[in-house]
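One letter stands for each residue in the lines below.
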Amino acid sequence: MASLHDFNNNGKWYRIRIERIYESNQVIRYKVSGRNKFLVFQNNEPLFRNRGMMHRRPDWKLIEGQMMDLGFIARLTRYLDDMQKQKKI
């Protein structure tokens, strides 16, 4: 199920669509799409949750897609992490 979110990056607002495309006992993959691009991110949060490590921060990887601005990717992964903690995605 996809959900629309408003994401702020250095004063510029983006409307992004986030959908969970894969989930296993070890990883979760999210597809983040904008107007004309999409990025696929993966994190290992289920692995930590299954082992009882609730306070460990998951590692995020860019699996598919390209982005030249590394700061944008860092802020987007932080946003995805916050949304995942709040159970909104």
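No experiment lies behind these values; they were computed from the predicted model shown.

The rules behind these values
- Residue positions are given per chain, counting from 1 as you read along its sequence in written order.
- Given that the model is predicted, a residue must reach a pLDDT of at least 70 before its local features are reported, and side-chain atom pairs must reach 80 or more before they are shown or counted; all residues, however, enter totals for whole chains, interfaces and linings.
- Note that water and hydrogens are dropped before the side-chain values are worked out from all heavy atoms of the structure.
- Numbering goes from the N terminus for both helices and strands, where a helix is a DSSP run of H or I of at least four residues and a strand is a run of E of at least two.
- Definition used for salt bridges: Asp or Glu carboxyl oxygen within 4 Å of a side-chain nitrogen of Lys or Arg.
- Each residue is placed in one exposure class: buried if its accessible area under a 1.4 Å probe, protein chains only, is under 20% of its type's maximum, exposed if it is over 50%, and partly exposed if it falls in between.
- Note on terminology: a nonpolar core comprises buried Ala, Val, Leu, Ile, Met, Phe, Trp, Tyr and Cys residues joined through side-chain atoms within 4.5 Å.

(A) Spotlight on the environment of I63. You can see I63 is positioned in strand β5 (residues 60–64). Residues I63 and L39 lie 24 residues apart in sequence; the distance between their C-alpha atoms is 7.6 Å.

(B) Representation of the pattern of salt bridges. Scanning all chains against the criterion turns up six salt bridges. The residue E23 makes a salt bridge to R49 at a minimum N-O spacing of 4.0 Å. Taken together, the residues E23 in strand β2 (residues 12–23) and R49 in helix α1 (residues 45–50) connect sequence positions 26 residues apart. A residue is classified by how much of its surface remains accessible, and E23, at 41% relative accessible area, is partly exposed.

(C) Quick peek at the nonpolar core. Judged by nonpolar contacts, the single largest core of 16 residues is most densely connected at I16, I18, V32, F41, L76 and L80. Among the elements of the structure, β2, β3 (28–33), β4 (38–43) and α2 (70–85) are those that each provide at least two residues to this core. Of all the elements, α2 adds the most residues to this core, at six residues.

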